[in-house]
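# Examination of the molecular architecture
Read off the chains here:
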Amino acid sequence: HPDVALPLGDSQYEDGTAEGYARSYAPSWGRLLSISRPAVGNHEYLTSHASAYFDYFGAAAGERDKGYYSFNADSWHLISLNSNCSQADGCKADSPQGRWLAADLAAHPTQCVLAYFHHPRWSHGEHGDNDGVAPFISTLYAAGAEVVLSGHDHDYERFTPLTPDGAPDPARGVRQFVVGSGGRNHYRTTTGATTEGMNADTFGVLQLTLRPGAYDWRFVPEAGGSYTDSGSANCH
C-alpha cells in the first residue's frame, strides 16, 4: 500500500501509444494511477512529443513540453526531471530546466531531497554512463540532495554515495539507484568499484520508506524471486 508510485520512464513499450497504455499499462501499474508521479523516458517520445504519456498521466506528469516538476511527500521534497534533454528545456545548468532545478532546490533548503529521471548518470548496464545528466547531479550535490532514482538500463544497481565526479563521498554524496527491473527484459551488466548492489536476472521494484531525516530501501522481487537488497541511511 504505497503512498506514492514513481514510474521511472519507458512505462509502456515500445512506443508509448495511447492504445498501448490502455492495453498493457492500465490493467497493471495503472491501478496505481491516482498516486503515480512519473518521469518521462525515451520510449514515450517515439510517440510525437510524448503526447500519449502526457494524456495518460495528466497533470501529474508536469507541463507538456517540459515534463519536470516537484512536490512534497511528508518531510521530503521530490523532484521529477526530464532527462530527454533535447525534448525538454535542456539539461545544462544554464538551461531553463537547469535554472528551474536550482531555484526549486533553493526554495526547499531544509528538506531531504530525492530526485528521479530516466537516464542514469552512472550505470554498469548496457547503456553505461550518461554525461548529459551530469549537470543535474552537480546541482543536486551542491544542494545536499540524498537520493537519485533512474531507469533506462534493464537491471538493478545501487551505488555508494558519490560526488559529481563519481568519487565516493560517504559524508554528503548522492546515492543513485538504477531500477530498470520493471519487466521488459534484462541487460548484461558488469560491476564497478562504486557498485554496492547489482542484479540482472530478477524483476522487481524498489520500496523506499522516507522518514524525517532518514530513509530505508528494499528491493522487492517478483513472486518467486529471491534477490533482495536493503539498508538505511540518514539525510545529510
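Relevant structure appears above.
Heads up: these notes are all about the structure in this document. (Residues numbered from 1 in each chain as written. Predicted model: local features only at pLDDT ≥ 70, side-chain atom pairs only at ≥ 80, totals over all residues. Heavy atoms only, no water.)

## Regarding the pairing of strand β5 (residues 156–159)
Stated formally: Exposure classes here rest on a 1.4 Å probe applied to the protein chains alone. A residue is buried below 20% of its type maximum, exposed above 50%, and partly exposed in between. The secondary structure listing takes helices from DSSP runs of H or I that are at least 4 residues long and strands from runs of E that are at least 2 residues long, numbered from the N terminus. Two strands qualify as a pair provided DSSP detects at least 2 bridges between them.
Side chains Y156 and R158 of β5 all project onto a buried face; the interleaved residues E157 and F159 project onto the opposite face, where all are buried too. In terms of strand pairing, β5 meets strand β6 (residues 175–179) through 3 bridges, oriented antiparallel. If you follow R158 over to β6, its bridge partner there is F177. Sheet topology note: the β5/strand β7 (residues 195–199) ladder contains 4 bridges and is antiparallel. The partner of F159 across the bridge, within β7, is T195.

## Structural notes on the state of the cysteines
Note the following rule: By disulfide we mean two sulfur atoms from cysteines, separated by a distance within 2.5 Å.
In this structure the tally under the stated criterion is 2 disulfides. The partner cysteine of C85 in its disulfide is C91, sulfur to sulfur 2.0 Å. Taking the sign of the S-S torsion, about -100° here, the bridge from C85 to C91 comes out left-handed. Taking the relative accessible area as the measure of exposure, C85 reaches 23% and is therefore partly exposed. The disulfide partner of C112 is C235, and the S-S distance across this bridge is 2.0 Å. Since a negative S-S torsion denotes a left-handed disulfide, the C112-C235 link at about 125° is right-handed. Here C112 is found in strand β3 (residues 112–116), whereas its partner C235 is found in the segment after β10 (230–234), with 123 residues between them in sequence. A residue is classified by how much of its surface remains accessible, and C112, at 9% relative accessible area, is buried. Cysteine pairing for the protein chain, with bonded cysteines counted in sequence order: 1-2, 3-4.

## Comments concerning unusual backbone geometry
Here the residue pair Y13 and E14 is connected by a cis peptide bond, since its omega of 0° sits within 30 degrees of zero. Secondary-structure assignment places E14 in the segment before α1 (18–25). Its identity as a non-glycine residue notwithstanding, D65 has a phi of 70°, on the positive side. The residue D65 is located in the loop between α2 (51–57) and β1 (69–73) in this model. Assessed through its relative accessible area of 45%, D65 is described here as partly exposed. Phi at D74 takes a positive value of approximately 55°, unusual for a residue other than glycine. Inspection of the secondary structure assignment puts D74 in the loop between β1 and β2 (76–80).

## Topic: the nonpolar core
Short version of the rule: Here, nonpolar core refers to any group of buried Ala, Val, Leu, Ile, Met, Phe, Trp, Tyr and Cys residues whose side-chain atoms link them within 4.5 Å. Contacts are assigned to residue pairs with any non-hydrogen atoms lying within 4.5 Å of each other.
Ranked by internal contacts, the top residues of the largest apolar core, which has 22 residues, are Y116, L149, Y156 and F177. Those residues within four positions of F177 in sequence are excluded, and the remaining contacts are V147, V148, L149, S150, Y156, E157, R158, L206 and W217. Formed by 21 residues, the second largest nonpolar core is a distinct cluster that contains Y68, I79, I137 and L140.

By themselves these figures say nothing about function.
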